[in-house]
Structures are given as C-alpha cells and as structure tokens.
Amino acid sequence: MSDKLGWHTKLYLNHTYLYFLNFYFWILAIVPEPIRGLGYKLVLKRQGRGVFYDTKIYIKFPWLVEIGDNVSLNRGIELYPSYLTGHGISIGNDVRIGPGTRLLAAGHDVTAQSFQETGGDIHIGNGCWVGAAALILAGVRLGDGCVVAAGSVVTRDVPANAVVAGVPARVIRYRTLG
C-alpha cells in the first residue's frame, strides 16, 4: 500500500512540476525575445552571451542544460536531460539548431521489466549546425564544426567537421573549411 501511495505522490508532484514548467515556457513564448532570453537564463545551468531563443522552446530540466555564446535556438526545439540519472545537455559556442530539433539525454532500459531510466550526456561542440527536425540521442558527442542534416537521427558520436545524414545518421562527407 505504501508503494502505491509513493507512486501516486510522485505522479502528482511530476504533474504539478510540468504544469508550472509549461506555464513558464508559455509566458516566455509570448514575450519579446530579449525578455525571453532573460527568462531562460534564470533557469538554465549556464547561458552564454548572444543566445537567441525563438518561440516554443521546451527544456524539461533546465538546470541540467548549458548553452555557450552566440547560439541560435530555433522554433519548437525540445531538450530532455535526464533528472533521474543526472545526464545533461551542453551546447558549445557559435551553434545553430534548426526548428523542431529534439535532444534526448534520457532513455529507458529495454531489458528491464520496469523500463528503468537510463541516459547519457549530450555534447554539441563549437561551430555546429543541426538541421531542422533532427533527433540527437543520449550519450552523443557532436565534434566541433560538424553538420547534422535535417531529419537525421544521431545515435553515435560525430567526428569534427563531419557532415552526417540519415536514419541512423552516417558520415556522408567532411567539410573543407577555407
């Protein structure tokens, strides 16, 4: 009986947290961008200078997210660090992330009957471009200067200056910077 009470209490607390979080992000979506940036800065682990936030950006556990300088976060981005495992998301400097992109640092163990939460830190290096509607999964590191094509699903690390595309994403070429 106490397990069930504990489960219900956790569920109630989670729903309450999500209600207030969604309300907070809704408010941020309707205010002008400079104010929106200040609103995110209040809740993030770290935010650099010159970060642009488009509307409808959702960050589940913002205190587990770090964002560098001169980053552009486009409309509808969703960031999901893992509260239970403590895995976070870090975004380097001079990064561009396209609309509808999702970063999932949390996952579930498919071999456990309870689907216990697992995860891995996500790190996006400096000077990266992540195309629209890309999906970056737990434990992935994007090397400096890499490009992730729109709609790609990144399941493993990407080397520096690589261009990846597909489901799952694979290296299709390397950038030659001049």
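See the structure above.
Keep in mind the model is a prediction, meaning the values are calculated, not measured.

Cut-offs applied
- Residues numbered from 1 in each chain as written.
- Predicted model: local features only at pLDDT ≥ 70, side-chain atom pairs only at ≥ 80, totals over all residues.
- Heavy atoms only, no water.
- Patch = residues over 30% accessible without salt bridge, like charges linked within 9 Å, V, L, I, M, F, W, Y side chains within 5 Å.
- Areas by Shrake-Rupley, 256 points an atom, 1.4 Å probe, with all protein chains shown as cover.
- Salt bridge = Lys/Arg side-chain N within 4 Å of Asp/Glu carboxyl O.
- Helix = DSSP H or I, 4+ residues; strand = E, 2+ residues; numbered from the N terminus.
- Buried < 20%, exposed > 50% of the residue type's maximum accessible area, 1.4 Å probe, protein only.
- Contact = heavy atoms within 4.5 Å.
- Pairing = 2+ DSSP bridges.
- Phe/Tyr/Trp six-rings, centres within 6.5 Å; stacked < 30°, edge-to-face > 60°.
- Disulfide = S-S within 2.5 Å.
- Core = buried A, V, L, I, M, F, W, Y, C linked by side-chain atoms within 4.5 Å.

Our focus in this paragraph is a nonpolar patch on the surface. Taken together, the side chains of Phe23, Trp26 and Ile30 present a nonpolar region at the surface, about 360 Å² in accessible area. The residue Ile30 is located in helix H1 (residues 2-30) in this model. Note on Ile30: relative accessible area 54%, which makes it exposed.

Its place among the elements puts Thr55 in the loop between strand S2 (52-53) and strand S3 (58-59). For Thr55, a relative accessible area of 13% translates into the label buried. Contacts of Thr55, omitting those with residues within four sequence positions, involve Ala29, Arg36, Arg75 and Gly76.

Here the focus is the sheet that holds strand S4 (residues 65-67). Pairing in this open sheet of 5 strands is parallel, and the strands run S1-S4-S7-S12-S15 from one edge to the other. For this open sheet the edge positions go to strand S1 (46-47) and strand S15 (141-142), each flanked by a neighbour on one side alone. Relative to strand S7 (residues 89-91), S4 runs parallel, the two sharing 3 bridges. The residue bridging Glu66 from the neighbouring strand is Ser90, located in S7.

Next up on the list: the sheet that holds strand S14 (residues 135-137). The 5 strands are arranged S3-S6-S9-S14-S17 in an open sheet whose pairing can be described as parallel. Each of the sheet's edge strands pairs with one partner strand only, and the pair in question is S3 and strand S17 (153-154). Pairing of strand S9 (residues 102-104) with S14, which is carried by 3 bridges, proceeds in the parallel orientation. Paired with Leu103 across the two strands is Ile136, which belongs to S14.

What follows deals with the packing of aromatic side chains. Here the structure, examined in full by the defined rule, presents 12 aromatic pairs. An angle of 15° between the planes, with centres 4.3 Å apart, marks the rings of Tyr40 and Tyr53 as stacked. In this pair, Tyr40 is assigned in helix H2 (residues 33-43) and Tyr53 in strand S2, connecting sequence segments 13 residues apart. Relative accessible area serves as the criterion here: at 0%, Tyr53 is assigned to the buried category. Feature note: the residues Tyr24, Phe25, Tyr40, Tyr53, Tyr58 and Tyr80 constitute an aromatic cluster, connected by ring pairs.

Per the counting criterion, the structure on display carries 0 disulfides. Considering cysteine sulfurs only, Cys146 is the nearest to Cys128, which forms no disulfide, with 3.6 Å between them. Note on Cys128: relative accessible area 2%, which makes it buried.

A word on the nonpolar core. Among the nonpolar cores identified, the biggest contains 38 residues, and Ile67, Leu73, Ile91, Ile124, Ile136 and Leu142 are the most heavily contacted of them. Elements with a contribution of two residues or more to this core: H1, S3, S4, S7, strand S12 (122-124) and strand S18 (162-165). Considering each element in turn, this core owes the most residues, 4 residues, to H1. Apart from the residues lying within four places of it in its own chain, the contact partners of Ile136 are Arg102, Leu103, Leu104, Ile122, Val130, Leu142, Val148 and Val154.

This paragraph deals with the pairing of strand S19 (residues 170-174). Relative to S19, S18 runs antiparallel, the two being bridged by 4 bridges. By the bridge assignment, Ala165 is partnered in S19 with Arg170. Between S18 and S19, which follow one another and run antiparallel, lie 4 residues, and Gly166 among them has a positive phi close to 110°.

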